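Residue-level structural notes
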Amino acid sequence: MIAIMLINAIEKEELRIAIVRNDILDEFYIETATREERVGNIYLGIVEHVEPSLQACFVNFGAERNGFLPISEIHPEYYSIKYIPSGEQKGFPPIDKVIKRGQPLLVQVTKEMPGHKGPQLTTYISIASRYIVLMPGGPKGISKKIEDERERKRLKKIMEELKVPDGIGYVLRTAAYKQSKREISKDLNRLLRLWGKIKREAAKKRPPALLHKEQDTCLRVIRDYFTSDIAEIWVDEIETYYEVQNYMKIISPRHQQKVKLFKGDIPIFAYFGIEQEIENIYNNRVPLPSGGYIVIQPTEALIAIDVNSGSAKLSKDLETNAFKINMEASFEIARQLRLRDIGGLVVIDFIDMKNKEHIKQVEREFRNNLKRDRAKITVLHISSLGLLELSRQRVRPSVEMKSYEICKYCNGRGLVQSIESAAVSFLRKIKILVHQKGLKKIKSIMPKDVASYIFNHKKAELLSLEMKYGIPIIIEPDPSTPPGGGDIELIFD
């Protein structure tokens, strides 16, 4: 399977990373300048409030909202008294007996929450590198995705020989498969030095304080998702290109030559033919090859996905038709879960099938398609009503929430593209359209605040395009144009 990684870093407002396999957009990641990424960051926090009814406390770690820390995520070493459960008593102690207001805690952000909720925290720290996740105070293990028993025994022996310090847990990641003892040892020593530095910082500082910031999205995606089947890594911005090259020297020196600088005039995602696919991520309706389609509809409690036959006429037999469309949908739904980073409860309404063997095949195909997803997923069987339920681990806000903001015109009932994202989107379209032969002028009408952003932050880019192609580019602010609206008019000879 031929794969390439594309890194679109030329616009400071948005960093976008795509992995394309066999010319199909397979994975997508985005980081926006207006939304700070905190998952994985480690802080010295202080307990602001203990809530016995929730068996949780709220921790000030320096953000605008306190983090939520349940008793299940508090390591016993932080208990203010030694707690020994009685014979009849099981589970965790009453939180108000062991955690006190004003108590400092070393915490890590595990999950960003939607709306006005603060992030979820844990005191069970984990620090990821290329081959190892270090977990002070945690268990020791090997990724379940490494199924080869001989390889598991080899890796276990390596870790025993490396003599990991007492009290330090770890998980060997999938990328450790077939790696040498030397490479794993280098990774382990880097993590142990980092953990030592974090502890020293914690001893010196007063809460709240940031002790360790997780790598930015670009390096994190390379760390977690780069595999030897990725033939090329294309980067469209010079500083990011050198940053990626230097990082590859550390994690996989023999693959450093795969990093290439993209110098095309057309935006990188448009050049590789995936810009429209990325735009489709924000659409509720996704077409299937047969003419059928799926509809993805978020609600407050869950994500509903409906499979429809549409114009598909694969067979005169309704059962065969339903089976083939459901098989297509099983691939596309698994892909959309990854692309959109959908988390929480998902309910899929497949087209009704009567044949039990067909039902089993669709289930099997769907589960196989989910194997490539790194998020934790629990899948139930298709019910007698044709419904399949699953839960997918939610770690970061969905792709949609990173590029869109709550619409002030509908009081939160819908979503509208953010000003920065809309401005960048307009510029991308102009960069694509400016190459057309016989073009004399480009006129773009857009919302006033989007035009204002372009005039204040992107004027130099517009002037550069005009000079390069000798084509006037006119931006017209229109107060009557709603958020997400606008139009680009091309004027030819």
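A brief look at the structure comes next. Everything quoted here is computed from the prediction, not taken from an experiment.

The rules behind these values
Residues numbered from 1 in each chain as written. Predicted model: local features only at pLDDT ≥ 70, side-chain atom pairs only at ≥ 80, totals over all residues. Heavy atoms only, no water. Helix = DSSP H or I, 4+ residues; strand = E, 2+ residues; numbered from the N terminus. Rg over C-alpha atoms; globule rule 2.2 N^0.38 Å. Contact = heavy atoms within 4.5 Å. Areas by Shrake-Rupley, 256 points an atom, 1.4 Å probe, with all protein chains shown as cover. Lys, Arg positive; Asp, Glu negative; His and termini not counted. Charge placed at Lys NZ, Arg CZ, Asp CG, Glu CD. Phe/Tyr/Trp six-rings, centres within 6.5 Å; stacked < 30°, edge-to-face > 60°. Buried < 20%, exposed > 50% of the residue type's maximum accessible area, 1.4 Å probe, protein only. Lys NZ or Arg CZ within 6 Å of the ring centre and 35° of its normal. Salt bridge = Lys/Arg side-chain N within 4 Å of Asp/Glu carboxyl O. 1 Å grid on protein atoms, 1.4 Å probe; cavity = no way out; pocket = protein on both sides within 12 Å on 5 of 7 lines; lining within 4 Å. Points joined across faces, edges and corners; volume = space filled by probe spheres on them. Nonpolar A, V, L, I, M, F, W, Y, C, P; charged D, E, K, R; others polar. Expected span 1.5 Å × (residues − 1). Arc of directions from axis to C-beta. Polar contact = N/O pair within 3.5 Å; in protein donor to acceptor, adjacent residues only side chain to side chain. Pairing = 2+ DSSP bridges. Axes fitted to C-alpha atoms, helices over the stretch in contact; angles between N-to-C directions. Parallel < 35°, antiparallel > 145°, perpendicular 65-115°, else oblique.

On a plain count of helices and strands, the protein chain comes out with 13 helices and 26 strands. Against the globule reference of 23 Å for 493 residues, the protein chain gives a C-alpha radius of gyration of 25 Å, in line with a compact fold. Here the C-alpha coordinates of the protein chain stretch approximately 85 × 60 × 50 Å along the principal axes. Here the contacts in the protein chain between residues at least 6 apart in sequence split such that 66% fall between residues at least 24 apart. About 25,800 Å² of surface is accessible on the protein chain, with carbon and sulfur atoms providing 52% of the total. One finds the centroid of the 78 positive side-chain charges in the protein chain at a distance of 6 Å from the centroid of its 65 negative side-chain charges.

Applying the stated criterion across every chain, the model contains 10 aromatic pairs. Ring plane angle 80 degrees and centroid distance 6.4 Å describe the contact between F350 and F366, whose orientation is recorded as edge-to-face. Within this pair, whereas F350 is found in the loop between β19 (344–349) and α9 (356–370), its partner F366 is found in helix α9, the two being separated by 16 residues in sequence. Per residue, the accessibility class of F350 equals that of F366, and both read buried. Residue placement shows R374 over the ring face of Y225; its charged tip is 4.6 Å from the ring centre. When the ring centre of F426 is taken as origin, the NZ or CZ atom of K429, which lies over that ring, is 5.9 Å away.

Right, let's talk about the environment of P94 for a bit. Take P94: it is sitting in the loop between β6 (67–70) and α1 (95–98). Along the backbone, P94 and I71 are 23 residues apart, and their C-alpha atoms lie at a distance of 8.3 Å.

Bringing the pattern of salt bridges into the picture now. According to the stated counting rule, one finds 33 salt bridges in the structure shown. The shortest N-O distance in the salt bridge between R65 and E64 comes to 4.0 Å. K458 serves as the salt-bridge partner of E461, at 3.2 Å between the closest nitrogen and oxygen. Through salt bridges with shared partners, a single network forms among E11, K12, E13, K431, K458 and E461.

A few words now on the side chain of H75. Residue position: H75 is located in the loop between β6 and α1. Its relative accessible area of 17% is what places H75 among the buried residues.

Enumeration according to the criterion identifies 2 cavities of 30 Å³ or more in this entry. Reported here for the largest cavity is a volume of approximately 100 Å³. Around the largest cavity sit 13 residues that line it, and R16, E279, Y282, S421 and R428 are the ones nearest its centre. Contributing elements (two or more residues each) for the lining of the largest cavity: β2 (14–21), β3 (24–32), α7 (275–280) and α11 (419–433). Within the lining of the largest cavity, the residues separate by chemical class into 4 nonpolar, 4 polar and 5 charged. As a volume, the second largest cavity reaches approximately 30 Å³. Contributing to the lining of the second largest cavity are F331, A334, R335, R338, N369 and R372. Among the elements that make up the lining of the second largest cavity, the one with the highest residue count is helix α8 (residues 318–340) (4 residues). Residue composition of the lining of the second largest cavity, by class: 2 nonpolar, 1 polar and 3 charged.

Turning our attention to α9. The terminal C-alpha atoms of α9 lie 21 Å apart, and with 15 residues this matches the ideal 21 Å at 1.5 Å per residue to within 8%. For α9, the complete set of buried residues consists of H358, I359, V362, E363, F366, N369 and L370. Buried positions in α9, seen along its axis, are confined to an arc of 135 degrees and lie on one side of it. Turning to α9, the residues buried within the fold contact α8, β19, β20 (377–379) and β21 (387–392). Regarding α9, its N-cap is N355, as a side-chain oxygen of that residue lies 2.8 Å from the backbone nitrogen of E357 further along.

A few words on the sheet that holds strand β25 (residues 473–477). Pairing is mixed in the open sheet, where 3 strands are placed in the order β25-β24-β26. Where the open sheet ends on each side, the last strands, each with one partner, are β25 and β26 (487–492). Each adjacent strand pair in this sheet contributes to an overall mean axis angle of 20 degrees, direction not counted. Across the sheet, α11 lies against β24 (439–446), β25 and β26, angled at about 20 degrees from β26, the strand it touches most. Sheet strands touched by helix α12 (residues 448–457): β24 and β25. Its angle to β25, the strand with the most contacts, is close to 135 degrees.

Taken together, 6 strands build an open sheet; the order of strands is β16-β17-β18-β19-β21-β20 and the sheet is mixed. Each having just a single partner strand, β16 (285–287) and β20 make up the two edges of the open sheet. Direction aside, the axes of adjacent strands within the sheet are offset by 20 degrees on average. Here strand β18 (residues 303–308) runs beside β19; their pairing, made up of 4 bridges, is parallel. Residue pairing across strands places I303 opposite V346, the latter belonging to β19.

Take the packing of α11 against helix α13 (residues 459–469) next. Relative orientation of the contacting elements α11 and α13 amounts to 5 degrees, with a least axis distance of 12 Å. Viewed along their axes, α11 and α13 adopt a mutual orientation that is roughly parallel. Residues L427, I430 and K431 of α11 pack against E461, L462 and L465 of α13.

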